[in-house]
Amino acid sequence: MELSLAYIMSQILIIIYYLIYSYTFHLKDSNKILVFGIVATIISSISYVLLNAYTGMAMCLVAIIRNLLFAKDKKNKLSLIFIFVVTLIASIFTFDSYFCLFNILATLIYTFALWQKNTKIYKLLGIIVNGLMIIYDVYIKSIMGVVFMLVSFISSIIGYYKECNKKRVII
């Protein structure tokens with residue numbers, strides 16, 4: 001790992017990305033989750049390009065398409081299947097190591113999580129997604145990616161815990 005300008009810039013962008021991404025686990029409105037997800041994903045895509053992690057970049061581009069599509073019609077099963085197919089096609093063109101499977105699987109699971117109406121399921125699956133992405137970030141040697149994905153991992157656990165233990169108010 002060389003401390004080039006591109007690497008340093010990628011790490012700064014990763015910090016910005018993870019701050020936004022972690023915040024999504026504390027939102028209750030699924031549309032806001034999608035909007036913040038699009039902004040974060042654009043930033044993440046640029047950081048992957050700077051790291052020469054093209055599977056990561058491809059999965060970000062798929063995620064942007066997914067978020068825009070889901071913002072219009074999340075409940076459509078064809079939208080979900082379409083995004084799964086696009087993910088698999090993008091994977092074929094960028095696959096360079098078995099470690100890329102962690103990023104691809106994380107993208108598929110996160111897509112399913114976003115497709116859910118229930119934010120509790122989103123938060124639970126976010127724990128799995130974050131675990132998979134920690135492994136991918138180790139593979140691409142993204143120090144800040146690993147550090148902040150650990151923060152996101154903890155944030156997703158806290159968000160899920162809060163969701164499971166919220167007090168019900170009877171009126």
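Residues numbered from 1 in each chain as written. Predicted model: local features only at pLDDT ≥ 70, side-chain atom pairs only at ≥ 80, totals over all residues. Heavy atoms only, no water.

A. Molecular detail of the packing of helix H3 (residues 54-72) against helix H4 (residues 77-94). With their axes 9 Å apart at the nearest point, H3 and H4 run at an angle of 165 degrees to one another. As far as their axial angle goes, H4 and H3 are roughly antiparallel. Note that H3 runs across H4; the crossing there is right-handed. Judged by residue contacts, Tyr 54, Thr 55, Ala 58, Met 59, Val 62, Ile 65, Arg 66, Leu 69 and Phe 70 of H3 engage Ser 79, Leu 80, Phe 82, Ile 83, Val 86, Thr 87, Ala 90, Ser 91 and Thr 94 from H4. When grouped by side-chain class, the residues that make up the contact of H3 with H4 number 12 nonpolar, 5 polar and 1 charged. (Axes fitted to C-alpha atoms, helices over the stretch in contact; angles between N-to-C directions. Helix = DSSP H or I, 4+ residues; strand = E, 2+ residues; numbered from the N terminus. Parallel < 35°, antiparallel > 145°, perpendicular 65-115°, else oblique. Left-handed = near helix turned anticlockwise from the far one by under 90°. Contact = heavy atoms within 4.5 Å. Nonpolar A, V, L, I, M, F, W, Y, C, P; charged D, E, K, R; others polar.)

B. Structural view of helix H1 (residues 5-24). Taking 1.5 Å of rise per residue, the 20 residues of H1 would be expected to cover 28 Å, and the 29 Å separating its terminal C-alpha atoms lies within 8% of that figure. Inspection of H1 places Tyr 7, Ser 10, Gln 11, Leu 13, Ile 14, Tyr 17, Tyr 18, Ile 20, Tyr 21, Ser 22 and Thr 24 among the buried residues, and these make up the whole buried set. (Expected span 1.5 Å × (residues − 1). Buried < 20%, exposed > 50% of the residue type's maximum accessible area, 1.4 Å probe, protein only.)

C. Looking closely at unusual backbone geometry. For Asn 52, which is not a glycine, the phi torsion comes out positive at approximately 60 degrees. Here Asn 52 lies in the loop between helix H2 (30-50) and H3. Within the chain, Lys 141 stands out as a residue other than glycine whose phi angle is a positive 60 degrees. Relative to the elements of secondary structure, Lys 141 occurs in the loop between helix H6 (119-139) and helix H7 (143-164).

D. Region of interest: the packing of aromatic side chains. The tally for this structure, following the rule as stated, stands at 9 aromatic pairs. Among the aromatic residues, those joined into a ring-pair cluster are Tyr 48, Phe 99, Phe 102, Tyr 136 and Tyr 139. (Phe/Tyr/Trp six-rings, centres within 6.5 Å; stacked < 30°, edge-to-face > 60°.)

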